[in-house]
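Below are the chains, spelled out letter by letter.
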Amino acid sequence: MTATLDAPRAAAPRVNAPPRNPVGSVLTVVAWIVGVLFVLPVLWMALTSFHSEADAATNPPSLFAPLTLDGYANFFGAQTGASPWPPLLNSMTASVVSTALVLVLAIPAAYALSIRPVRKWTDVLFFFLSTKMLPVVAGLLPVYLIAQSIGMLDNIWLLIILYTSMNLPIAVWMMRSFLAEVPVEVLEAASIDGCSLPRTLRTVVVPMVLPGIAATSLICFIFSWNELLFARVLTATTAQTAPVFLTGFVTSQGLFLATVCAASVVVSLPVLIAGFAAQDKLVQGLSLGAIK
């Protein structure tokens, strides 16, 4: 017994590290290359916005040209006197209000299509999706004639109604995917406790699908903020949005590249700020099944 205890212990077998997967390494490199290719034009746009018009128009482009704020000064009306704040406020109003209306309408609709499914709910989903099959330009003339007949041309509320109707099908499909992940037992417990349907949606369902709401609202906000066709045709001066104001810097005479880049950077800032603010919930929401 003593000899057995005093005998040296056998060395533990060495565990070899798992071999590296060459396919994974290649995919990582490819992902980085694709990411850089997507970000590089944005970085180049931001750099060009700090160049003078003469340096921005050189071919090949001058990377180390002197930096200046002339492009931003021109965007804020240094030469023309046109203020960008009314179009920016119009875009913010139309995007925020339409996104809020979309969520108010989409969450109950998605609840009825997922947790408490109505009869022939697949037909309802197809109907929502079919509204996106028509090209936007095909409905432009009827919308223009209707807006003209009711006196709604150059009115911000017309854009709010249009953006709400355009984004509602996407929001319903996305929110239905999130609400399908809500356990039915939780809703049954809330019903046993005496919660009404509005209270169940407000206190039980909404907190559980908050990442999905953040993802849906951000996508609807981006679509509304970047919309150009309807805003270009249906507005003039009072309800002009930021994308329409941005196109005014593209002229047939003179140089405008630096000013357009500066305007693009400023117009893109609200979307970037909203994306960074909801980044954690956006990633969590998209990974929970918003896109399948």
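Provided above is the structure to which this section pertains.
Here is a short report on the structure shown in this document.

Rules used in this analysis
Residues numbered from 1 in each chain as written. Predicted model: local features only at pLDDT ≥ 70, side-chain atom pairs only at ≥ 80, totals over all residues. Heavy atoms only, no water. Helix = DSSP H or I, 4+ residues; strand = E, 2+ residues; numbered from the N terminus. Areas by Shrake-Rupley, 256 points an atom, 1.4 Å probe, with all protein chains shown as cover. Core = buried A, V, L, I, M, F, W, Y, C linked by side-chain atoms within 4.5 Å. Buried < 20%, exposed > 50% of the residue type's maximum accessible area, 1.4 Å probe, protein only. Contact = heavy atoms within 4.5 Å. Phe/Tyr/Trp six-rings, centres within 6.5 Å; stacked < 30°, edge-to-face > 60°. Patch = residues over 30% accessible without salt bridge, like charges linked within 9 Å, V, L, I, M, F, W, Y side chains within 5 Å. Salt bridge = Lys/Arg side-chain N within 4 Å of Asp/Glu carboxyl O. Axes fitted to C-alpha atoms, helices over the stretch in contact; angles between N-to-C directions. Left-handed = near helix turned anticlockwise from the far one by under 90°. Nonpolar A, V, L, I, M, F, W, Y, C, P; charged D, E, K, R; others polar.

## Thoughts on the overall build of the protein
Next up, step 1: For the protein, the helix and strand inventory stands at 15 helices and 0 strands.
Next up, step 2: As displayed, the protein offers around 17900 Å² of accessible surface, 70% of which is attributable to carbon and sulfur atoms.

## Comments concerning the nonpolar core
Next up, step 1: With 18 residues, the main nonpolar core has Y111, M175, L179, L187, V205 and V209 as its most contacted residues.
Next up, step 2: Counting only elements with at least two residues in this core, the list comes to α5 (85–114), α8 (156–179), α9 (184–192), α10 (197–208) and α11 (210–226).
Next up, step 3: Filtering out sequence-adjacent residues up to four positions away, M175 remains in contact with I107, A110, V209, G212, I213 and T216.
Next up, step 4: Counting 16 residues, the second-largest nonpolar core is a separate cluster that includes F221, F245, F249 and V260.

## A few points about unusual backbone geometry
Next up, step 1: With a phi angle near 55°, D154 is a residue other than glycine that sits in the positive phi range.
Next up, step 2: With respect to the helices, strands and loops of the structure, D154 is situated in the loop between α7 (140–149) and α8.

## As for the packing of aromatic side chains
Next up, step 1: Under the defined criterion, the tally for this structure stands at 7 aromatic pairs.
Next up, step 2: On the numbers, 5.9 Å between centres and 75° between planes, the contact of F75 with F245 is edge-to-face. Remark: F245 occurs in helix α13 (residues 242–247) and F75 occurs in helix α4 (residues 70–75); sequence separation between them is 170 residues. Like F75, the residue F245 is buried in the burial classification.
Next up, step 3: Ring geometry for F76 versus W85: centroids 5.8 Å apart, planes at 40°, classification tilted.
Next up, step 4: You can call F76 partly exposed: its relative accessible area is 37%.

## Notes on a nonpolar patch on the surface
Next up, step 1: A grouping of V26, V30, V34, F38, V39 and L43 is seen on the molecular surface, where their side chains present a nonpolar patch of about 560 Å² in accessible area.
Next up, step 2: With respect to the secondary-structure elements, V26 resides in helix α2 (residues 22–48).

## A few points about the side chain of S224
Next up, step 1: Note on placement: S224 falls in helix α11.
Next up, step 2: With sequence-adjacent residues up to four places away left out, S224 is seen in contact with S95, S98, Y163 and N167.

## Remarks on the packing of α5 against α8
Next up, step 1: With their axes 6 Å apart at the nearest point, α5 and α8 run at an angle of 35° to one another. In this structure, α5 meets α8 at a crossing whose hand is right-handed.
Next up, step 2: Counted by class, the contact of α5 with α8 contains 20 nonpolar, 6 polar and 1 charged residues.

## Some words on the environment of A236
Next up, step 1: Mapped onto the elements, A236 comes out in the loop between α12 (229–234) and α13.
Next up, step 2: Once the C-alpha coordinates of A236 and D154 are considered, the two residues, 82 residues apart in sequence, prove to be 5.6 Å apart.

## Regarding the side chain of H51
Next up, step 1: Relative to the helices and strands, H51 is located in the loop between α2 and α3 (53–56).
Next up, step 2: Overall, the relative accessible area of 3% leaves H51 in the buried class.
Next up, step 3: Every residue in contact with H51, bar those within four places of it in the chain, is listed here: A56, S62, L63, A65, P66, L67, T68 and A258.

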